[in-house]
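Residue-level structural notes
As a plain string of letters, each chain reads:
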Amino acid sequence: MTARKLSEAFIHLGLGAKSEPQPPFSGMEWYADYGARHGEDGPEGRLVSQYSFAESWDVWEMHPKGSEVVICTAGEMVLTQEFPDGKVAKVPLGAGEYAINPPGVWHTADVASEATAIFITAGEGTEHRPR
């Protein structure tokens, strides 16, 4: 096996403690293909991905069937979480720090300049809404 860049080739963590490299990320349609490849793992499957951001997110997202771990690896970001009871939390993250988005919590992120983060996501049923 050769080394891969997580930012280009994500990892699926599946049932039976499987770890499977994924095809290179090609845009939003990639997620539908991912669901077709690993849907049988249901809410226990996890996607490990890495993204770099130069701008704040323009959407909110929510994962109804599991938690998401967000690990900031470079720069700084502020994760905003909106809980079902209406409570809003702002979680500043610097390199080496992490936060957890619980199931059913809407979240978005702001960056002042640039940040990179690794996401470990229970993605089944993920929803998005405009910011």
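One can find the structure itself at the top, above this paragraph.
Let me sum up the structure you'll find in this document. A quick note: this is a predicted structure, and the numbers were derived from the prediction, not measured. (Residues numbered from 1 in each chain as written. Predicted model: local features only at pLDDT ≥ 70, side-chain atom pairs only at ≥ 80, totals over all residues. Heavy atoms only, no water.)

Turning our attention to the overall build of the protein chain. If you tally the helices and strands in the protein chain, you get one helix and 10 strands. In sequence order, the secondary structure elements of the protein chain are arranged as β-β-α-β-β-β-β-β-β-β-β. In terms of overall dimensions, the protein chain is globule-like: its C-alpha atoms have a radius of gyration of 15 Å, near the 14 Å expected for 131 residues. Restricting the contact set of the protein chain to residue pairs at least 6 apart, pairs at least 24 apart contribute 66%. (Helix = DSSP H or I, 4+ residues; strand = E, 2+ residues; numbered from the N terminus. Rg over C-alpha atoms; globule rule 2.2 N^0.38 Å. Contact = heavy atoms within 4.5 Å.)

The next point concerns the packing of aromatic side chains. Within a pair of aromatic rings, the relevant descriptors are the distance that separates the centres and the angle that separates the planes. Overall, the coordinates contain 13 aromatic pairs when judged by the stated rule. Ring centres of Phe10 and Phe25 lie 5.3 Å apart, and the angle between their planes is 35°; on these two criteria the pair is classed as tilted. Residue Phe10 is found in the segment before β1 (11–14), and its partner Phe25 is found in the loop between β2 (18–21) and α1 (29–38); the two are separated by 15 residues along the sequence. Overall, Phe10 belongs to the buried group, its relative accessible area being 1%. On the basis of relative accessible area, Phe25 is assigned to the partly exposed category, the value being 28%. Between the aromatic rings of Phe25 and Tyr51, the centroid separation amounts to 5.9 Å while the plane-to-plane angle is 90°, which identifies the pairing as edge-to-face. Here Phe25 is found in the loop between β2 and α1, whereas its partner Tyr51 is found in strand β3 (residues 46–53), with 26 residues between them in sequence. Site record: aromatic cluster; members linked through ring pairs are Phe10, Phe25, Trp30, Tyr31, Tyr34, Tyr51, Phe53, Trp57 and Phe119. The ring of Trp30 carries Arg37 above its face, with NZ or CZ at 5.2 Å from the centroid. (Phe/Tyr/Trp six-rings, centres within 6.5 Å; stacked < 30°, edge-to-face > 60°. Buried < 20%, exposed > 50% of the residue type's maximum accessible area, 1.4 Å probe, protein only. Lys NZ or Arg CZ within 6 Å of the ring centre and 35° of its normal.)

This paragraph deals with the pairing of strand β6 (residues 88–94). Where strand β5 (residues 68–82) lies against β6, seven bridges are found, and the strand directions are antiparallel. Bridged to Val78 within β6 is Pro92. Linkage of β5 to β6, two consecutive antiparallel strands, is achieved through a turn of five residues, within which Gly86 is found at a positive phi near 95°. (Pairing = 2+ DSSP bridges.)

Attention now goes to the environment of Gln50. Topologically, Gln50 is positioned in strand β3. Along the backbone, Gln50 and Ala122 are 72 residues apart, and their C-alpha atoms lie at a distance of 15 Å. Excluding residues that lie within four positions of it along the chain, Gln50 makes contacts with Leu6, Ser7, Phe10, Thr116, Ala117 and Ile118.

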